[in-house]
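# Descriptive analysis of the structure
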Amino acid sequence: LDRSSAASDVYKRQVRIDIEDVEQTVLSYFADTDGGTAKQQRAIRSALDRLDREGIVQEETSGRYRITALVEVVLSAETLKELREWLRAQAVVAR
């Protein structure tokens, strides 16, 4: 599968995320010593705002984002799975 074919497939299936889902997932990586939930949520929303400004995600409606094709083509599902597993392992080590 070449990149141009992969890119056209990505444009056909628009992937969207909700801020609440992102928060719940990311909050699971914070250690108890990383501050309160409100502080962590502000950090997550700030990071998502930055990703929006940089074109990695695009906010379609308030709190709902579309992941741009760049992310899906460059980072395969397998790579994202490996990254998630690594982050979970780091969270365990930090505790």
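Here the structure is a predicted model, which is why all the values come from computation and not from measurement. (Residues numbered from 1 in each chain as written. Predicted model: local features only at pLDDT ≥ 70, side-chain atom pairs only at ≥ 80, totals over all residues. Heavy atoms only, no water.)

### Digging into helix α2 (residues 19-27)
Which entries qualify depends on this criterion: Throughout this description, buried means an accessible area under 20% of the type-specific maximum (1.4 Å probe, protein chains only), exposed means over 50%, and partly exposed covers the range between. For helices the rule is a DSSP run of H or I covering at least 4 residues; for strands it is a run of E covering at least 2, with both sets numbered from the N terminus onward. In this description, the arc belongs to the directions extending from the helix axis to the C-beta atoms. Two residues qualify as a contact provided that any one of their heavy atoms is within 4.5 Å of a heavy atom in the partner residue.
Along α2, the residues that are buried comprise Ile 19, Val 22, Glu 23 and Leu 27. Looking down the long axis of α2, one finds its buried residues gathered within 120 degrees of arc, a one-sided arrangement. Considering only its buried residues, α2 is in contact with β1 (16-18) and α3 (37-53).

### Observations regarding the nonpolar core
The following threshold applies: Definition used in this section: a nonpolar core is a set of buried Ala, Val, Leu, Ile, Met, Phe, Trp, Tyr and Cys residues joined via side-chain atoms within 4.5 Å.
In terms of nonpolar packing, the biggest core is built from 5 residues, these being Ile 19, Leu 48, Val 57, Tyr 65 and Ile 67. Ignoring anything within four residues of it in the chain, the contact list for Ile 19 reads Arg 45, Leu 48 and Gly 63.

### Quick notes on a nonpolar patch on the surface
The cut-off we apply is this: Only residues whose relative accessible area exceeds 30% and that take part in no salt bridge are eligible for patches, with like-charged residues grouped when within 9 Å of each other and nonpolar side chains (Val, Leu, Ile, Met, Phe, Trp, Tyr) grouped when within 5 Å. Surface accessibility in these figures is a Shrake-Rupley result with a 1.4 Å probe; residues are shielded only by whichever protein chains are displayed. What makes a salt bridge here is a side-chain nitrogen of Lys or Arg within 4 Å of a carboxyl oxygen of Asp or Glu, nothing more.
Judged by side-chain polarity, Leu 80, Leu 83, Trp 86 and Leu 87 come together as a nonpolar surface patch covering roughly 370 Å² of accessible area. Within the secondary structure, Leu 87 sits in helix α5 (residues 77-94). Look at Leu 87 and you get partly exposed, because its relative accessible area is 32%.

### Some details on the environment of Leu 51
Relative to the elements of secondary structure, Leu 51 occurs in helix α3. Taking relative accessible area as the criterion, Leu 51 reaches 31% and is therefore assigned partly exposed. In this structure the C-alpha to C-alpha distance between Leu 51 and Ile 67, which are 16 residues apart in sequence, comes to 9.8 Å. Not counting the four nearest positions on each side in its chain, Leu 51 is found in contact with Ile 56 and Val 57.

### Notes on α3
Selection rule: Take the residue count of a helix, subtract one, and multiply by 1.5 Å to get its expected span.
Taking 1.5 Å as the rise per residue, α3 with 17 residues should run 24 Å; its terminal C-alpha atoms sit 24 Å apart, in good agreement. Where α3 is concerned, the buried positions are Gln 40, Ile 44 and Leu 48. Angularly, the buried residues of α3 cover 75 degrees about the axis, an arc narrow enough to put them on a single face. Among the exposed residues of α3, those oriented more than 90 degrees off its buried face are Lys 39, Arg 42 and Arg 53. Structurally, α3 contributes buried residues whose contacts are with α2, β2 (57-61) and β3 (64-67). Looking one or two places after α3, you find Gly 55, whose phi comes out positive at around 80 degrees.

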